[in-house]
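Tertiary structure, described
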Amino acid sequence: MIPFPAPARRPARPRVPPGTRAELGALNAALCRAAAWRFGTPVLNVFTTLGRHRRLFRAWLRFAARLMPYGTLDRADAELVILRVAVGCGSDYEWYQHVRLARRAGLTDEQIERVGAGPDAPGWSTHQWALLRAADQLSTDRTLDEAVWARLRETYDERELIELCLLVGHYAMLAGTLNALGVRPEQPGG
């Protein structure tokens, strides 16, 4: 188990509980079951909670899927960024979901644990440093400084840079939503 390296910022109890099949509707309930099966869990609280807003849920799914799992960024890069956003936003839900995905993408437990220490912790490559710094800057300053931009530009083309910015923004938005609604992790520990 890799513990969440920051204080969780959600209330102790859900403010909006996961929806039942009747509350989700047949289509959203089916989408939630399929996603849970794919992730190897009986339920995904993020889906059964957001699925209560039927139309918005399906539109969000289409957008979110274009970033993850169907984005063009290297999976390990994307998971490193998502984990760092989870730490910065205090989202234990995102953390525990993405620890498993980060492992599948090739990140080691040592790298995952180091995410909490940030971009200046020893052991990151210059590319990983730039990814982690980008996650921090976009989450707090809503922009990137020239040093980070220049380093990312060495590796990424314009489309990938756009995707990286949207990935951080999306996961920061999702973290805030999960925290505010009080969505609890299904199984802490990744």
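This write-up is about the structure you can find in this document. If you're wondering where the values come from, they're calculated on a predicted model, not measured in any experiment.

Turning our eyes to something else, we now look at the overall build of the protein. Secondary structure summary: the protein contains 10 helices and zero strands in total. Secondary structure elements of the protein, listed N to C terminal, follow the sequence α-α-α-α-α-α-α-α-α-α. The principal-axis extent of the C-alpha atoms belonging to the protein is close to 50 × 35 × 30 Å. Out of the 190 residues belonging to the protein, those deemed buried represent 52%. Once local pairs closer than 6 in sequence are excluded, the contacts in the protein between residues at least 24 apart make up 72%. Looking at the protein, you have 25 positive and 20 negative side-chain charges, and the mean spots of the two groups are 13 Å apart.

With 15 residues, helix α5 (residues 75-89) should cover 21 Å at 1.5 Å per step; its first-to-last C-alpha distance of 21 Å lies within 8% of that length. Where burial is concerned, most of α5 is hidden: 13 out of the 15 residues are buried. Taking the backbone nitrogen of Ala76 as reference, a side-chain oxygen 3.1 Å away marks Asp74 as the first, capping residue of α5. Where α5 terminates, the next one or two residues include Gly90, which has phi positive at roughly 70 degrees.

With 15 residues, helix α8 (residues 126-140) should cover 21 Å at 1.5 Å per step; its first-to-last C-alpha distance of 21 Å lies within 8% of that length. Summarising burial for α8: 12 of the 15 residues are buried, a large majority. Those residues of α8 that fall on the buried side of the exposure criterion are His127, Gln128, Ala130, Leu131, Leu132, Arg133, Ala134, Ala135, Asp136, Gln137, Leu138 and Ser139. Buried residues belonging to α8 abut α5, α7 (109-114), α9 (146-153) and α10 (158-181). Phi turns positive one or two residues past the end of α8, at Arg142, with a value near 65 degrees.

Attention now moves to the side chain of Gln137. Relative to the helices and strands, Gln137 resides in helix α8. A relative accessible area of 8% means that Gln137 is categorised as buried.

Two elements in contact, helix α2 (residues 26-39) and helix α4 (residues 54-67), have axes separated by 10 Å at closest approach and are oriented at 40 degrees. Our classification of the angle between α2 and α4 gives oblique. Remark: the crossing between α2 and α4 carries left-handed chirality. Along its contact with α2, which presents Leu27, Asn28, Leu31 and Cys32, the element α4 presents Arg54, Phe57, Arg58 and Leu61. Of the residues belonging to the contact of α2 with α4, the class tally is five nonpolar, one polar and two charged.

Next up on the list: unusual backbone geometry. Cis geometry marks the peptide bond from Met68 to Pro69; its omega dihedral reads 20 degrees. Note on placement: Pro69 falls in the loop between α4 and α5. Phi at Arg142 is positive, roughly 65 degrees, even though this residue is not glycine. Mapped onto the secondary structure, Arg142 falls in the loop between α8 and α9.

So, how was this worked out
Residues numbered from 1 in each chain as written. Predicted model: local features only at pLDDT ≥ 70, side-chain atom pairs only at ≥ 80, totals over all residues. Heavy atoms only, no water. Helix = DSSP H or I, 4+ residues; strand = E, 2+ residues; numbered from the N terminus. Buried < 20%, exposed > 50% of the residue type's maximum accessible area, 1.4 Å probe, protein only. Contact = heavy atoms within 4.5 Å. Lys, Arg positive; Asp, Glu negative; His and termini not counted. Charge placed at Lys NZ, Arg CZ, Asp CG, Glu CD. Expected span 1.5 Å × (residues − 1). Polar contact = N/O pair within 3.5 Å; in protein donor to acceptor, adjacent residues only side chain to side chain. Axes fitted to C-alpha atoms, helices over the stretch in contact; angles between N-to-C directions. Parallel < 35°, antiparallel > 145°, perpendicular 65-115°, else oblique. Left-handed = near helix turned anticlockwise from the far one by under 90°. Nonpolar A, V, L, I, M, F, W, Y, C, P; charged D, E, K, R; others polar.

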